[in-house]
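# Report on the structure
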Amino acid sequence: DVKVTQSSRYLVKRTGEKVFLECVQDMDHENMFWYRQDPGLGLRLIYFSYDVKMKEKGDIPEGYSVSREKKERFSLILESASTNQTSMYLCASRSHPQGSNQPQHFGDGTRLSIL
Amino acid sequence: GNSVTQMEGPVTLSEEAFLTINCTYTATGYPSLFWYVQYPGEGLQLLLKATKADDKGSNKGFEATYRKETTSFHLEKGSVQVSDSAVYFCALSDAFSNDYKLSFGAGTTVTVRA
């Protein structure tokens, strides 16, 4: 089974802090994704990565950046955390860059609170 | 662009009732369709998928048929259990547009009472 592991289930940070959310997958997947999930808004894509050192903006990239130095790890960075970034963050991975019919596999999520 | 519309919840049912969650889509090419489920406090899990017209995906008693003529992918289960209480998301990805992103519906919260 595919395993996508997010480093923290719950995280509390303060406004203005730089926040790192880590995600690791163990199936050598090329594609990785970061979403945020908010009540009434569903899942919204923040950033995604086709492969190592590659990144693309999703629908709501403002206030975030990402890093993919190794294939198995995809980090989401909140440069200067703000209260409107309080949310559930979900990481996902998917195999084969040509295979959009392949499903994405999700981690358990990080519930981030910015005070 | 691609989009997914699913019925709004919340949906509350009694155990052994029949469940239907409607999902319709708009796509520029030939999408693959998915249903994901999110149990309380967890991430999303793939429930089932269909990659071409008339395909039927099934898993854990749930079924959905890819209907190109009605652009629909409705989720059904004949007899729900309390353990089916979760949020259900319909999603699509489109190979034709060479877009790696999933487009999600807003999610439908289902509560099954004993």
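Anyway, here's the lowdown on the structure attached to this text. Values in this document were obtained by computation on a predicted structure and should not be read as measured data.

## Some thoughts on the interface of chain A and chain B
Interfaces are often sized by the amount of accessible area the parts lose when they come together. In this assembly, 23 residues from chain A lie in contact with 21 residues from chain B. For the pairing of chain A and chain B, the buried interface totals around 1,800 Å² over both sides, and the portion due to carbon and sulfur atoms is 56%. One can count 4 residue pairs in polar contact (both at pLDDT 80 or more) joining chain A with chain B. Secondary-structure elements contributing two or more residues to the side of chain A that touches chain B are strand S4 (31–38), strand S5 (42–49) and strand S9 (87–94) of chain A.

## Considering the environment of Ala64(B)
Residue and element names in this part refer to chain B. Of note, Ala-64 is situated in strand S8 (residues 62–65). Take Ala-64: its relative accessible area is 1%, and that puts it in the buried class. Residues Ala-64 and Asp-54 lie 10 residues apart in sequence; the distance between their C-alpha atoms is 9.8 Å. Not counting residues up to four positions away in its chain, the partners in contact with Ala-64 are Trp-35, Leu-48, Asp-55, Lys-56, Gly-57, Phe-73, His-74 and Leu-75.

## Let's talk about the environment of Leu112(A)
All names here are of chain A. Note that Leu-112 resides in strand S11 (residues 110–114). Residue Leu-112 is classed as buried on the basis of its relative accessible area of 0%. The spatial distance from the C-alpha of Leu-112 to the C-alpha of Leu-11 is 4.8 Å, given a sequence separation of 101 residues. Sequence-distant contacts of Leu-112, that is, excluding residues within four places in its chain, are made with Leu-11, Lys-13, Val-19, Leu-78, Gln-85, Thr-86, Ser-87 and Tyr-89.

## A look at unusual backbone geometry
Look at the link from Gly9(B) to Pro10(B): it is a cis peptide, with omega at -5 degrees. Relative to the helices and strands, Pro10(B) resides in the loop between strand S1 (3–6) and strand S2 (11–14). Even without being a glycine, Asp28(A) presents a positive backbone phi close to 60 degrees. Here Asp28(A) lies in the loop between strand S3 (19–25) and S4. The backbone of Thr71(B) shows a phi angle near 45 degrees, a positive value even though the residue is not glycine. Checked against the element boundaries, Thr71(B) lands in the loop between S8 and strand S9 (75–77). On the basis of relative accessible area, Thr71(B) is assigned to the partly exposed category, the value being 31%.

## So, the nonpolar core
Core analysis: the largest hydrophobic core is formed by 26 residues, its most contacted members being Trp35(B), Phe73(B), Leu75(B) and Tyr88(B). Secondary structure elements with two or more residues in this core: S2, strand S3 (19–21), strand S4 (23–26), strand S5 (31–38), strand S6 (44–50), S8, strand S10 (86–94) and strand S12 (108–113) of chain B. It is S10(B) that contributes the most residues to this core, 4 residues altogether. Apart from the residues lying within four places of it in its own chain, the contact partners of Phe73(B) are Cys23(B), Leu33(B), Phe34(B), Trp35(B), Leu48(B), Lys49(B), Ala50(B), Ala64(B), Thr65(B), Tyr66(B) and Cys90(B). The next biggest cluster of nonpolar side chains, apart from the first, holds 20 residues, and it includes Leu11(A), Val19(A), Phe74(A) and Ala81(A).

## Remarks on the pairing of S5(B)
Residue and element names in this part refer to chain B. Here S5 lies mainly inside the structure; 8 of its 8 residues are buried. Neither face of S5 is open: one carries Pro-31, Leu-33, Trp-35 and Val-37, the other Ser-32, Phe-34, Tyr-36 and Gln-38, and all of them are buried. Across 8 bridges, S5 lies against S10 in antiparallel orientation. Bridge pairing in S10 places Tyr-36 opposite Phe-89. As defined by bridge partners, S5 adjoins S6 across 6 bridges and the pair is classed as antiparallel. Within the sheet, the bridge partner assigned to Trp-35 lies in S6 and is Leu-48.

Parameters and conventions
- Residues numbered from 1 in each chain as written.
- Chains lettered and ligands numbered in written order.
- Predicted model: local features only at pLDDT ≥ 70, side-chain atom pairs only at ≥ 80, totals over all residues.
- Heavy atoms only, no water.
- Contact = heavy atoms within 4.5 Å.
- Buried area = accessible area lost by both parts, 1.4 Å probe.
- Polar contact = N/O pair within 3.5 Å; in protein donor to acceptor, adjacent residues only side chain to side chain.
- Helix = DSSP H or I, 4+ residues; strand = E, 2+ residues; numbered from the N terminus.
- Buried < 20%, exposed > 50% of the residue type's maximum accessible area, 1.4 Å probe, protein only.
- Core = buried A, V, L, I, M, F, W, Y, C linked by side-chain atoms within 4.5 Å.
- Pairing = 2+ DSSP bridges.

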